[in-house]
Amino acid sequence: MGVQRVAIMTGGGDCPGLNAVIYGAVRVGIEKYGWEVLGIEDATNGLIDLEYRFPKGNQWLTLESVRGILSRGGTILGTSNRSDPFNYVTTGPDGKETTVDVSDKVVANFQKLGLQALISIGGDGSMRIARKLMDKGIPIVGVPKTIDNDLASTDQTFGFDTAVQIATEALDRVRDTAESHDRVMIVEVMGRDAGFIALHAGIAGGADAILLPEIPYRLEPLAEMIAARRAKGQTHCVIVVAEGAKPLGGDASVLEHKAGAMPRLVGAGTRVAERLGPMIKAELRVTVLGHIQRGGSPSNFDRILAVRYGQSAADLVAEGRFGHMVALRNGAITSVPIVEASSGVKRVEAGGQLVQTAKAIGVCFGD
Ligand code: F6P
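Residues numbered from 1 in each chain as written. Predicted model: local features only at pLDDT ≥ 70, side-chain atom pairs only at ≥ 80, totals over all residues. Heavy atoms only, no water.

Peer 1: In this structure, what is going on with the overall build of the protein chain? I would like to understand it.
Peer 2: Regarding its fold elements, the protein chain presents 11 helices and 15 strands. The C-alpha atoms of the protein chain give 22 Å as radius of gyration, which agrees with the globular expectation for 367 residues (21 Å, within 12%). Considered along the principal axes of its C-alpha atoms, the protein chain spans approximately 75 × 50 × 35 Å. For the protein chain, buried positions account for 54% of its 367 residues. Once local pairs closer than 6 in sequence are excluded, the contacts in the protein chain between residues at least 24 apart make up 71%. By element, 49% of the accessible surface of the protein chain is carried by carbon and sulfur atoms, the whole surface being about 15500 Å². Once the 39 positive and 41 negative side-chain charges of the protein chain are each reduced to a mean point, those two points are 1 Å apart. (Helix = DSSP H or I, 4+ residues; strand = E, 2+ residues; numbered from the N terminus. Rg over C-alpha atoms; globule rule 2.2 N^0.38 Å. Buried < 20%, exposed > 50% of the residue type's maximum accessible area, 1.4 Å probe, protein only. Contact = heavy atoms within 4.5 Å. Areas by Shrake-Rupley, 256 points an atom, 1.4 Å probe, with all protein chains shown as cover. Lys, Arg positive; Asp, Glu negative; His and termini not counted. Charge placed at Lys NZ, Arg CZ, Asp CG, Glu CD.)

What follows is the structure, encoded as C-alpha cells:
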C-alpha cells in the first residue's frame, strides 16, 4: 500500500510563500493522491510533544483549511527557529538554558500518528535536521525556503524575490528624503551571511554603495565617493548595508548568540554610520528594514515558485523519492539529494557578473 498519511511542517524564520507551498502540496496531496495531510505546529515542536498547543496544536488540513492562504504571508502552521530536536533547548531549575537530544520522541510520535512521510519546508538548518531525521528512519522530502537565498542546490529559494522587492521599494522611498535633505541614507537589509538581498535590491534601487558580507569594506572609498559626488553637485547618497557586512579585518555585528539558535546580527548599518559620520560633511540617517522584508503577501514570482515547489514535493512523496529536496534549476523544477542540499551554502561571488555590473555602473563596494 502506498503513502496515505503525510505530515507537513514549516521550520526556521517565516518567509513569504510558505502558505503557497502548503496550498500547493495539500491540494495535490488530497485531490491527486487522496492523502490525509497533517499540519505540524511550529516546526518539529508539534512532533516532539503531541500535546503541544501554542496556540492550536497539529491540525488535519483540508481543501477548506487551505482555501485563500496562497496570497497570505507567514505560515498557517507556525514556525520556530529553535526547535532542532537534536539540540533542543530546555531551561534547567537554575534558569540556565541547555540543549538535549529529543529526536527519539519525534520518531516515536511520527509512528504513533501513523504518518508515512514528512514534507519539511525550511532553510539550511531545517535541511540539516531533515537529514538527521532521515537517518533515524523518517521519510522526508524537503522544500527550500529563505529570503536570504543562500541554499546552494537551488537557483532560488521562494521568499527571496519578495524580500528584494520590499527592499527595493524602501530604497526608492529613502532616496526622496536623501535628495530633499541632501543626506546620506543608510538602509540595512537582512540576508545573514549572504549578500543577495543587498546586492539585488541595491542594483534595482539604484544605490550608490552596497556593503556585502562577501566583500569586507573600508570606509575611505565610501567617504571619497560621497565627497566626489558632492563636488559634482550630487548632494545625496543611498547606501545599502547587508546585516552581515564586515569591515576589512573585522567581524559581523552580532548582538547575541543563544543556545540552539543562529547568532543575531544587529547594528551593521549603525556601525557604518557612526564611523563614516566623522569622515564626511553630510548628515547621515539609518533605516533598518528588519522583519518588514519577511512579512506580507508574496510576489507573483514567489507565489508561482512556491506552488510549483509544493506540487513537486507532493509528487516526490507519491513516487517514494524520499531524501530529496525540490529545487529550481534553469527555470525548471527538479530535485536534489537533501544530503547535498544541506552541506553547501551559497554566497555572492565577489568577482561575479552581478557585482561586476554594479561596479561598471559606479556602485561603490568599499573595497
Ligand atoms: O534567515 C532569514 C532571516 O530573516 C535572516 O535574514 C535574519 O538574519 C534572521 O532570519 C533573523 O531571524 P529572527 O527572526 O530570529 O530575528
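So much for the structure itself; the text now carries on.
Peer 1: What am I meant to see in the site of the ligand here?
Peer 2: The environment of the ligand is formed by Asn81, Ile147, Asp148, Met190, Gly191, Arg192, Glu243, His291 and Arg294. The side chain of His291 places a nitrogen or oxygen atom 2.8 Å from an oxygen atom of the ligand. Notes on the ligand: free accessible area 400 Å², of which the protein chains cover 80%. Among the cavities detected, the one that contains the ligand is the largest pocket. Classifying every residue of the shell around the ligand gives 2 nonpolar, 3 polar and 4 charged. Summarising the domain contributions, the shell around the ligand has at least three residues from each of domain 1 (5–158 + 298–341) and domain 2 (162–295). (Near = heavy atom within 4 Å. Polar contact = N/O pair within 3.5 Å; in protein donor to acceptor, adjacent residues only side chain to side chain. 1 Å grid on protein atoms, 1.4 Å probe; cavity = no way out; pocket = protein on both sides within 12 Å on 5 of 7 lines; lining within 4 Å. Sits in = over half its atoms within 2 Å of the grid points. Nonpolar A, V, L, I, M, F, W, Y, C, P; charged D, E, K, R; others polar. Domains from an automatic or database assignment.)

Peer 1: Could you clarify how one ought to interpret the domain arrangement of the protein chain in this entry?
Peer 2: Per the domain assignment, the segments making up the protein chain are domain 1 (5–158 + 298–341) and domain 2 (162–295). Just the C-alpha atoms count here: the centres of domain 1 and domain 2 sit 33 Å apart. One can count 1 salt bridge joining domain 1 with domain 2. Across the pair Asp14 and Arg294 runs a salt bridge, and its minimum N-O distance is 2.9 Å. Grouping the amino acids of the side of domain 1 that touches domain 2 by side-chain chemistry returns 5 nonpolar, 6 polar and 5 charged. (Salt bridge = Lys/Arg side-chain N within 4 Å of Asp/Glu carboxyl O.)

Peer 1: In this structure, what is going on with the pattern of salt bridges? I would like to understand it.
Peer 2: Oppositely charged side chains can form a pair if their charged atoms are brought close together. Taken as a whole and judged by the stated rule, the model has 18 salt bridges. For Glu169, the salt bridge goes to Arg173, with nearest N and O atoms at 2.5 Å. Of this pair, Glu169 and Arg173 both sit in helix α5 (residues 160–181), 4 residues apart, which is roughly one turn of that helix. A salt bridge links Glu283 to Arg285; its shortest N-O distance comes to 3.6 Å. Via salt bridges that share partners, Arg183, Glu283 and Arg285 belong to a single interconnected network.

Peer 1: Is there a simple way to think about the nonpolar core in this case?
Peer 2: Soluble globular proteins tend to bury their nonpolar side chains together. In this structure, Ile8, Ile22, Ile119, Ile121, Val143, Phe158 and Phe365 are the most contacted members of the largest nonpolar core, which totals 64 residues. If one sorts the elements of this core by residue count, α5 sits on top with 8 residues. Each of domain 1 (5–158 + 298–341) and domain 2 (162–295) contributes no fewer than three residues to this core. Here Ile22 is in contact with Ile8, Thr10, Leu61, Val66, Ile69, Thr75, Ile76, Leu77 and Ile121, once residues within four sequence places are set aside. (Core = buried A, V, L, I, M, F, W, Y, C linked by side-chain atoms within 4.5 Å.)

Peer 1: Looking at this structure, I do not really get the layout of surface pockets. What am I missing?
Peer 2: Where empty space is left can be seen by rolling a probe of water-molecule size over the atoms. The volume enclosed by the largest pocket comes to roughly 1200 Å³. What lines the largest pocket is a set of 47 residues, among which Gly12, Gly13, Asn81, Arg192 and Met262 lie closest to the centre. Those elements that provide at least two residues to the lining of the largest pocket are α4 (124–135), β8 (184–189) and β12 (264–265). Of all the elements, α4 adds the most residues to the lining of the largest pocket, at 6 residues. Residue classes in the lining of the largest pocket are distributed as 13 nonpolar, 18 polar and 16 charged. For the lining of the largest pocket, the two domains that each supply at least three residues are domain 1 (5–158 + 298–341) and domain 2 (162–295). (Points joined across faces, edges and corners; volume = space filled by probe spheres on them.)

Peer 1: Which parts of the structure should I look at to understand helix α9 (residues 300–318)?
Peer 2: Given 3.6 residues per helical turn, the α-helix brings residues three or four places apart onto the same face. An ideal rise of 1.5 Å per residue puts 27 Å on 19 residues; α9 measures up with 27 Å between its terminal C-alpha atoms. Of the residues making up α9, those classed as buried are Asp302, Leu305, Ala306, Tyr309, Gly310, Ser312, Ala313, Ala314, Asp315, Leu316 and Val317. The first or second residue beyond α9 is Gly320, which carries a positive phi of 70 degrees. (Expected span 1.5 Å × (residues − 1).)

Peer 1: Help me out: how do you make sense of the side chain of Thr10 in this one?
Peer 2: Along the chain, the position of Thr10 falls in strand β1 (residues 5–10). Among the residues examined, Thr10 registers a relative accessible area of 0% and is labelled buried. Polar contacts involving the side chain of Thr10 include one to the side chain of Thr75, which spans 3.0 Å.

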